[in-house]
Amino acid sequence: MTDIQIPAHSPLLHPDFCFGTATASFQIEGGVAHREECIWDRFCQREGAIADGSNGDLACDHFHRWREDLALLQSLGVDAYRFSISWPRVMDAAGNLRQEGVDFYLNLLDELNTLGIKPFVTLYHWDLPQHLEDKGGWLNRDTAYRFQDYVHKITQVFGKRVYSYVTFNEPFCSAYLGYEIGIHAPGIVGSENGKLAGHHLLLAHGLGLQVLKQNSPDTLNGIVLNITPAYPASDAEQDVKAAMLADESLNQWFFQPVLQGKYPESVLAQFPADQSPIKDGDLALIAQQNDFIGINYYSREIYQHDPVSGFAAISDKPNPLTDMGWEIYPQGLTDVLLQLHHRYSLPPLMITENGAAMVDEVQQGEVNDVERVRYIQQHLLALEAAIKQGVDVQGYFAWSLLDNFEWAEGYKKRFGIVHVNYETQQRTLKLSGKAYRDMLMSRKC
Ligand code: GCO
């Protein structure tokens, strides 16, 4: 498959439907000497934490090559670009703005606006300042108030340059991977930690959203949540229950408080009975109206009953896998959007991330990533199917613009529609990048 085809009259071709690509600060920027330390810098130093022993010191050197990268972005014909702000680049430990870091983003924002590309700003994509981690990080309620202060100060200086803000990217990953099973920074392990960190992240979302409504009422303000739909391994009642429990504990843990101001029962049960972190007013803050919700979708899981934990994901997947070992299952995107639509009263949605890691090689100057082209094509059709059944989805962002630092996997996994040679920093548009561009360009004429 070499191109991406959208059927004529598809809602995806509506002029208001927004197409873009996404990145995150720590994954692409580098420029480590021009910011303060974050939890990922520290985590990368830990023996065995990152598959290839790498770190984010240089990454894609986007800190120095951002003009080139934005030119590339423009050549794709995207409507929007989703990127994140590195909190430790723009703020010091005393809570003062760091002018050099602020200027970096002001230049980026100005250039995006000049190019006519809408800036979608993520305020937190996992790179917590290390000095806050030293005081407990997301296990400490006070971090939520530090986030509120950061949002207040940075939105004031960004002024009218931003099109959309999200407070957090995937709080599930920060809370669960970072503080409960410890495979992401800061690498802390503890069965009760995830729910505690998760609550503080949600509280910070509420506090941040309140600031956004005040300081930036004209931007589209929201949050980005990841979702991995849960399917039962069989029709047996036990497996059906296992899948429901997995969905409650892993997905609805974040969707329900944000959309309904309450936690699923299975999650509530995990807060320590004697000292719940949920204070009066927290849930009302968390459940304020969002202008939109960003959904990150990559794959699904299939669950069976487990006598100890209640549910266990099966490892045998019936469909082809990406290089991450994630099953390619576009139908899951349709299903999960419909599930959310029927369960909640939703604001408009955007697919803020979707993409696949593949084993890519440059051969004679080309990267022939046909599998990624197919992945994007199939997921766009799955998205279209959900829209046609009534789900209000207003945008799609391919993850990712560039190959980049894939967290605990280091540089081994490539998600970009643009290939990055980490020796030379050369960028090469992959076949998927060309297919995405051609689809976007054809839509415009
Ligand atoms: C996430 C993050 C991205 C990842 C991407 C691929 O969803 O985990 O938002 O930073 O790189 O999802 O794993």
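Structure first, text after, so check above.
Attention here is on the structure that accompanies the text.

1. Describing the pairing of strand β11 (residues 393-399)
For β11, the tally of buried residues reaches 6 of 7 residues, placing the bulk of the element in the interior. Relative to β11, strand β1 (residues 18-22) runs parallel, the two being bridged by 5 bridges. Looking across to β11, one finds that Cys-18 is bridged to Gly-395. Of the pairings in the sheet, the one linking strand β10 (residues 349-354) to β11 comprises 3 bridges and is parallel in character. Among the inter-strand pairings, Ile-351 is bridged to a residue of β11, identified as Tyr-396.

2. Re the pairing of strand β3 (residues 118-124)
Summarising burial for β3: 6 of the 7 residues are buried, a large majority. In this structure, strand β2 (residues 80-84) lies alongside β3, joined through 5 bridges in parallel fashion. Along β3, the bridge assignment pairs Tyr-81 with Pro-119. Bridge count between β3 and strand β4 (residues 164-169): 4 bridges; the pairing is parallel. By the bridge assignment for β4, Tyr-124 is matched with Phe-168.

3. Things to note about the environment of Leu-139
Relative to the assigned elements, Leu-139 resides in the loop between α6 (130-133) and α7 (142-158). Taking the C-alpha atoms as reference, Leu-139 lies 7.1 Å from His-200; in sequence the two are 61 residues apart. For Leu-139, the contacting residues outside a window of four places in its chain are Tyr-179, Asn-193, Leu-196, Ala-197 and His-200.

4. Some thoughts on the site of the ligand
Around the ligand, 13 residues are found, and the nearest of them are Gln-27, Asn-169, Glu-170, Glu-353 and Glu-406. Between the ligand and the protein, one listed contact pairs an oxygen atom with a side-chain N or O atom of Glu-170 at 2.3 Å. Side-chain polar atom of Tyr-298 to an oxygen atom of the ligand: 2.9 Å apart, as the coordinates give it. Its atoms largely coinciding with the cavity grid, the ligand occupies the largest pocket. Residues belonging to the shell around the ligand are distributed by class as follows: 6 nonpolar, 4 polar and 3 charged.

5. Considerations on the side chain of Lys-195
Examined against the element boundaries, Lys-195 turns out to sit in helix α9 (residues 193-215). Put simply, Lys-195 is tucked away with no salt bridge, and the nearest opposite charge, on Glu-180, sits 4.5 Å away.

6. Things to note about helix α3 (residues 62-76)
With 15 residues, α3 ought to run about 21 Å at 1.5 Å a step, yet its terminal C-alpha atoms sit only 18 Å apart, falling short of that. Roughly 40 degrees is the biggest bend found in α3, and it falls at Glu-68. Residues of α3 that are buried include every one of His-62, Phe-63, Trp-66, Asp-69, Leu-70, Leu-72, Leu-73 and Leu-76, and no others.

7. Topic: the packing of aromatic side chains
Tallied over the full model, the rule gives 38 aromatic pairs. Centre to centre, the rings of Phe-172 and Trp-253 are 5.8 Å apart; their planes meet at 85 degrees, and the pair counts as edge-to-face. Pair noted here: Phe-172 is in helix α8 (residues 171-180) and Trp-253 is in helix α10 (residues 237-260), with a separation of 81 residues, a long-range link. Taken individually, Phe-172 and Trp-253 each receive the classification buried, so the pair is uniform in this respect. Here the aromatic rings of Phe-405 and Trp-407 are separated by 6.2 Å at their centres, their planes lie at 80 degrees, and the arrangement is edge-to-face. No difference in accessibility class separates Phe-405 from Trp-407, as the two residues are buried. An aromatic cluster is defined as three or more aromatic residues linked by ring pairs; in this entry it consists of Phe-26, Trp-40, Phe-43, Trp-126, Phe-405, Trp-407, Tyr-411 and Tyr-422.

8. Remarks on the side chain of His-379
Mapped onto the elements, His-379 comes out in helix α14 (residues 370-388). Leave out the neighbours within four places in its chain, and His-379 touches Tyr-297, Tyr-298, Ile-328, Tyr-329, Pro-330, Leu-333 and Asn-354.

9. Quick word on α9
Helix length check: α9 (23 residues) gives 32 Å between terminal C-alpha atoms against 33 Å at 1.5 Å per residue, within 8%. With 18 of 23 residues buried, α9 is to be regarded as a mostly interior element.

Here is what the cut-offs are and how they apply
Residues numbered from 1 in each chain as written. Predicted model: local features only at pLDDT ≥ 70, side-chain atom pairs only at ≥ 80, totals over all residues. Heavy atoms only, no water. Buried < 20%, exposed > 50% of the residue type's maximum accessible area, 1.4 Å probe, protein only. Helix = DSSP H or I, 4+ residues; strand = E, 2+ residues; numbered from the N terminus. Pairing = 2+ DSSP bridges. Contact = heavy atoms within 4.5 Å. Near = heavy atom within 4 Å. Polar contact = N/O pair within 3.5 Å; in protein donor to acceptor, adjacent residues only side chain to side chain. 1 Å grid on protein atoms, 1.4 Å probe; cavity = no way out; pocket = protein on both sides within 12 Å on 5 of 7 lines; lining within 4 Å. Sits in = over half its atoms within 2 Å of the grid points. Nonpolar A, V, L, I, M, F, W, Y, C, P; charged D, E, K, R; others polar. Lys, Arg positive; Asp, Glu negative; His and termini not counted. Salt bridge = Lys/Arg side-chain N within 4 Å of Asp/Glu carboxyl O. Expected span 1.5 Å × (residues − 1). Bend = angle between axes of the 7 residues up to and from the residue. Phe/Tyr/Trp six-rings, centres within 6.5 Å; stacked < 30°, edge-to-face > 60°.

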